[in-house]
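# Structural overview for review
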Amino acid sequence: MEKPQLEKASALGYADPHIDELLKHSIRTQLESLLKSKVTTEQRVQLLQKSFVEAMTLVLSDTQVTHQQLVKAFENMYDQAVQSMALADLSQEVLTRQYISATGLVMSVHNCKHTIKDVYRIKGYARGIDQAIRGKLKNNSTITILYPACGPFAPLLLPLLSYYKNSQTFDSQQIKVILVDVQPGAVMTLKQLIKDLQLDDYILQIAEADATQFTPDVAIDLLVLEAMQHGFTKEGQLSIAKHLVKFLNIDGWMIPQNVSVKGMMVIGETEFNQQWKNVEYSHSMNVNNQAQQDRVELGEILRINKSTLLAMDELELQDGVRVISANQIVLPTDVDDMSKRILAIYAHIDTFAEESVGQYDSGITNPKPDMTFYVDLKPREVEHTHFVASSGDTVQFYYQLSGLTGFVPVKI
Ligand SMILES: C[S@@+](CC[C@H](N)C(=O)[O-])C[C@H]1O[C@@H](n2cnc3c(N)ncnc32)[C@H](O)[C@@H]1O
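### Things to note about the sheet that holds strand E17 (residues 394-400)
Taken together, the four strands give an open sheet; going across it, the order is E10-E11-E17-E18, and neighbouring strands pair in antiparallel fashion. Edge positions in the sheet fall to strand E10 (314-316) and strand E18 (406-411), since each has one partner strand and no second. Neighbouring strand axes in the sheet, compared pairwise and without regard to direction, differ in orientation by 40° on average. Bridge analysis of E17 against E18 gives six bridges, and the strand direction is antiparallel. Opposite Tyr-399, over in E18, you have Phe-407 as the bridge partner.

As structure tokens, this is what we get:
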């Protein structure tokens, strides 16, 4: 029995030694979490709800909250949510299956569970979503929110709904939510968590579906989406947004309202090491002025919002590979040490109103170095993945939508 199972797993790319480590780790995490829960079901559910409400109370507060307070509250929320996940009783296969779909990386449920601890990402989104919900409910008695690729804990929305329910701010007549995730294990966990949080009334539908194919039955007022990694690579944010933006009401809003992806040439040691030597944690508020001034900004290479998405044309290359045309940049000619610099790509996310997730606030907005992009320097052995250009060249960026997503520079 065992051999065929292993072969099957290997074909799907989730039974290599690295994943084996993950399996052991995940079993341990679940057991630890269950051991911790020497409480009655009623007590567990109360602690879970309390942790979600407390994290959101801090996030929505306009008074000063320390980094430590936030981290502690989010860790607590994570610990409680993992207990619901353990009760959902996912098999190891369902928990650890990770693969590349036609439109991007589909992370395993096991890896996705950590996103609920990503404090400043959730803060930027939750504060923005809160204002968008309040704005919409001024003129509507009920609104529908679509949250695709929500992961096992739907952390951009479920904590907020817990807060609304607890504080009796908005009830389930006013807010209806559709959750979509392609991972069966994410859907199983969501069902358990929503039951434990007693939020069922707010949930219109939980769909196990590919968000790039999903068609909602009703028009959408708010589309909430975060399926990206640093450098705007790997995951399918753009394909998902491009498909689902069509189902927004004419006055519907997408959150994030805008994602701006920029390129810069940096000295790696300054940007990624020296800059962080004397700070407690990386955050846009803790960047170092000198390191920032040392950057050579290349400008915006892609802008994603409701109107750019509706206007984006896809190109189909050989083998069905789909790309979209992004911006052109001109490599500056007045930089003495250009040959020592590397390209780094980073995103700034405006979630809603004045709320944002800035550079270094989250893993998803950390600048990503691209070691295949050479300016004024030839790699010792040129490989087909290398891009070689000179100061003064014009570079056209494309964005690859198929497989592992990311930017492709082309010299013109
Ligand atoms: C990083 S995790 C969760 C991110 C989540 N939005 C959050 O804020 O924490 C990514 C999730 O997106 C889901 N996903 C990726 N591509 C998808 C697609 N095309 N359709 C539906 N779900 C998708 C994965 O199954 C995974 O659960």
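From this point, things continue past the structure.
### Considerations on the domain arrangement of the protein
Split by domain assignment, the protein resolves into domain 1 (2-255) and domain 2 (258-411). Each of domain 1 and domain 2 has a C-alpha centre, and these two points are 28 Å apart. Every contact between the two is made by 39 residues of domain 1 and, on the other side, 38 residues of domain 2. In total, domain 1 and domain 2 occlude about 3,200 Å² of area from one another, counting both sides; carbon and sulfur atoms represent 66% of this. Of all residues in domain 1, Phe-232, Leu-238 and Lys-242 give up the largest surface area on contact with domain 2, accounting jointly for 20% of the area buried on that side. Here domain 1 is connected to domain 2 by two salt bridges. Here Lys-242 makes a salt bridge to Glu-314, at a shortest N to O gap of 3.1 Å. At the junction of domain 1 and domain 2, the tally comes to 13 residue pairs in polar contact (both at pLDDT 80 or more). Looking at the side of domain 1 that touches domain 2, the elements that each hand over two or more residues are helix H4 (67-87), strand E1 (99-101), strand E2 (104-106), helix H7 (119-139), helix H10 (237-244) and strand E7 (248-255). Across the side of domain 1 that touches domain 2, the residue classes break down as 16 nonpolar, 15 polar and eight charged.

### Quick word on the confidence of the model for the protein
For the protein, the average pLDDT comes to 91, and 91% of its residues sit at 70 or higher. Scored below 50 in pLDDT, residues 1-15 shows 13 contacts in the model against residues more than four places distant or in partner chains.

### Section: the side chain of Asp-370
Relative to the assigned elements, Asp-370 resides in strand E14 (residues 368-370). Notably, Asp-370 is buried but unbridged: the nearest opposite-charge side chain belongs to Lys-368, and the N-O separation is 7.9 Å. Within polar-contact distance, the side chain of Asp-370 engages the side chain of Thr-372 at 2.6 Å.

### Some points on the packing of aromatic side chains
One pass over the structure, following the stated rule, counts 10 aromatic pairs. Here the aromatic rings of Phe-397 and Phe-407 are separated by 6.3 Å at their centres, their planes lie at 90°, and the arrangement is edge-to-face. Of this pair, Phe-397 sits in strand E17 while Phe-407 is found in strand E18, placing the two residues 10 residues apart along the sequence. Plain terms: the ring middles of Tyr-399 and Phe-407 are 4.9 Å apart, the flat faces sit at 65° to each other, and that makes the pair edge-to-face. Taking the relative accessible area as the measure of exposure, Tyr-399 reaches 1% and is therefore buried. A relative accessible area of 14% means that Phe-407 is categorised as buried. The ring of Tyr-99 has Arg-97 lying over it, and the distance from NZ or CZ to the ring centre is 4.2 Å. Just above the ring of Tyr-346 sits the side chain of Arg-295; from NZ or CZ to the centre is 5.3 Å.

Scoring rules and cut-offs
All residue numbers refer to position in the chain's written sequence, counted from 1. Residue-level local features of this predicted model are given only where pLDDT is at least 70; pairs of side-chain atoms are given and counted only at 80 or more, and the full residue set underlies all totals for whole chains, interfaces and linings. Values shown for side chains rest on all heavy atoms present in the structure; no hydrogens or waters enter the calculation. A pair of strands is considered paired only if DSSP assigns at least 2 bridges between the two. Strands are runs of DSSP state E lasting at least 2 residues, helices are runs of H or I lasting at least 4, and numbering of each runs from the N terminus. Angular values range over 0 to 180 degrees, each being the angle between N-to-C directions of two axes fitted as lines to C-alpha atoms, with helices fitted over their stretch in contact. Domain start and end points were adopted from an automatic or database domain assignment. We call two residues in contact when some of their heavy atoms are within 4.5 Å. Summed over both partners, the accessible surface that disappears when two parts come together, traced with a 1.4 Å probe, is what is meant by buried area. Any carboxyl oxygen of Asp or Glu that lies within 4 Å of a side-chain nitrogen of Lys or Arg is treated as forming a salt bridge with it. Polar contact criterion, stated in full: a pair of N or O atoms within 3.5 Å, where within protein one must be able to donate a hydrogen and the other to accept it, and residues adjacent in sequence count only if both atoms are side-chain atoms. Residue polarity follows a fixed list, in which Ala, Val, Leu, Ile, Met, Phe, Trp, Tyr, Cys and Pro are nonpolar, Asp, Glu, Lys and Arg are charged, and the others, Gly among them, are polar. Note on scores: pLDDT gives the predictor's confidence for each residue, bounded by 0 and 100. Throughout this description, buried means an accessible area under 20% of the type-specific maximum (1.4 Å probe, protein chains only), exposed means over 50%, and partly exposed covers the range between. Asp and Glu count as negative and Lys and Arg as positive, but His and the ends of the chain are not part of the count. Only rings of Phe, Tyr and Trp enter the pairing, Trp through its six-membered ring, and a pair is recorded when the two centres are within 6.5 Å. The plane angle decides the type: under 30 degrees is stacked, over 60 is edge-to-face, the rest tilted. Geometrically, a lysine NZ or arginine CZ counts as sitting over a ring once it is within 6 Å of the ring centre and also within 35 degrees of the ring normal.

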